[in-house]
Amino acid sequence: LLAGNAVAVDAKSLSRGTKLALTGVYCVGMIAAGLMGGAAGPATLQLAEQLGIVHNATATGANTKDLTQMGVANTINQLVATIGCLIGGWLVNRTKHWHRLMAFMQCWVGIAWILQCSARSFDEFIAVSVLIGIWYSMTSVTSQSALTWIWGDDVAPYMQLDNAA
């Protein structure tokens, strides 16, 4: 499916409208992933309570020192993201249909965020944090590679848009 025998389309043959549409799709995907990630911050206390790390956090508030395990999960997420970037770059370099790969990865990012909301133990939360770290960073690398392929030397403003997303 991902490494089919079809010849990849030359970006120079794409119309400006097609390039802008693709850029929009990639940026919307990154905005969606960013919104999901941004929602995790305000939900930290509720997630910690759901995982049994703190009790009655939403009613009484929790001391930040009680959230050490959540910090560990976030640290693991970011360490694994480095691996995801390397894997994403490697896959883009070796896959003819990387746009399909990117759509596939964006779907998995969404699924991982849903799984994070349903985690019931710290071990489940760590496992999902690993998935999010890998899939999100792979999506980011693929998006930036895609924009570079589409726009070539004129990529700068579109890359800034993607990074802002």
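For the structure, check the block above.
Keep in mind that this is a model prediction, so the values were computed, not measured. (Residues numbered from 1 in each chain as written. Predicted model: local features only at pLDDT ≥ 70, side-chain atom pairs only at ≥ 80, totals over all residues. Heavy atoms only, no water.)

(A) Spotlight on a nonpolar patch on the surface. A contiguous nonpolar surface patch, about 410 Å² in accessible area, is contributed by Phe 104, Trp 108, Ile 111, Leu 115 and Leu 131. The element contributing the most residues to the nonpolar patch is helix H5 (residues 98-118), with four residues. Examined against the element boundaries, Leu 115 turns out to sit in helix H5. (Patch = residues over 30% accessible without salt bridge, like charges linked within 9 Å, V, L, I, M, F, W, Y side chains within 5 Å. Areas by Shrake-Rupley, 256 points an atom, 1.4 Å probe, with all protein chains shown as cover. Salt bridge = Lys/Arg side-chain N within 4 Å of Asp/Glu carboxyl O. Helix = DSSP H or I, 4+ residues; strand = E, 2+ residues; numbered from the N terminus.)

(B) Focus on the packing of helix H6 (residues 122-151) against helix H7 (residues 156-164). Here H6 crosses H7 at 160°, and the two axes come no closer than 10 Å. Put simply, H6 runs roughly antiparallel to H7. At the point where H6 passes H7, the crossing takes the right-handed sense. Between H6 and H7, the contacting residues are Ser 143, Gln 144, Leu 147, Thr 148 and Trp 151 on the first element and Tyr 158, Met 159, Asp 162 and Asn 163 on the second. The residue makeup of the contact of H6 with H7, split by class, is four nonpolar, four polar and one charged. (Axes fitted to C-alpha atoms, helices over the stretch in contact; angles between N-to-C directions. Parallel < 35°, antiparallel > 145°, perpendicular 65-115°, else oblique. Left-handed = near helix turned anticlockwise from the far one by under 90°. Contact = heavy atoms within 4.5 Å. Nonpolar A, V, L, I, M, F, W, Y, C, P; charged D, E, K, R; others polar.)

(C) Highlighting the packing of aromatic side chains. The final tally for this structure, using the stated rule, is four aromatic pairs. Ring geometry for Phe 104 versus Trp 108: centroids 6.3 Å apart, planes at 70°, classification edge-to-face. With Phe 104 and Trp 108 both in helix H5 and four residues apart, the pair spans about one turn of that helix. In this structure Phe 104 comes out as partly exposed when scored by relative accessible area, which is 39%. Accessibility expressed as a relative area gives 35% for Trp 108, which makes it partly exposed. Between the aromatic rings of Trp 108 and Trp 135, the centroid separation amounts to 6.0 Å while the plane-to-plane angle is 20°, which identifies the pairing as stacked. You can see Trp 108 sitting in helix H5 and its partner Trp 135 sitting in helix H6, a full 27 residues away along the chain. You can call Trp 135 buried: its relative accessible area is 17%. (Phe/Tyr/Trp six-rings, centres within 6.5 Å; stacked < 30°, edge-to-face > 60°. Buried < 20%, exposed > 50% of the residue type's maximum accessible area, 1.4 Å probe, protein only.)

(D) Spotlight on the side chain of Thr 95. Tracing the backbone through its elements, the reader meets Thr 95 in the loop between helix H4 (68-94) and H5. A relative accessible area of 10% places Thr 95 in the buried class.

(E) Molecular detail of the packing of H5 against H6. Axis separation between H5 and H6 bottoms out at 8 Å; the angle between their running directions is 155°. Taken as axis vectors, H5 and H6 run roughly antiparallel relative to one another. H5 and H6 meet at a crossing whose hand is left-handed. Grouping the amino acids of the contact of H5 with H6 by side-chain chemistry returns 18 nonpolar, seven polar and one charged.

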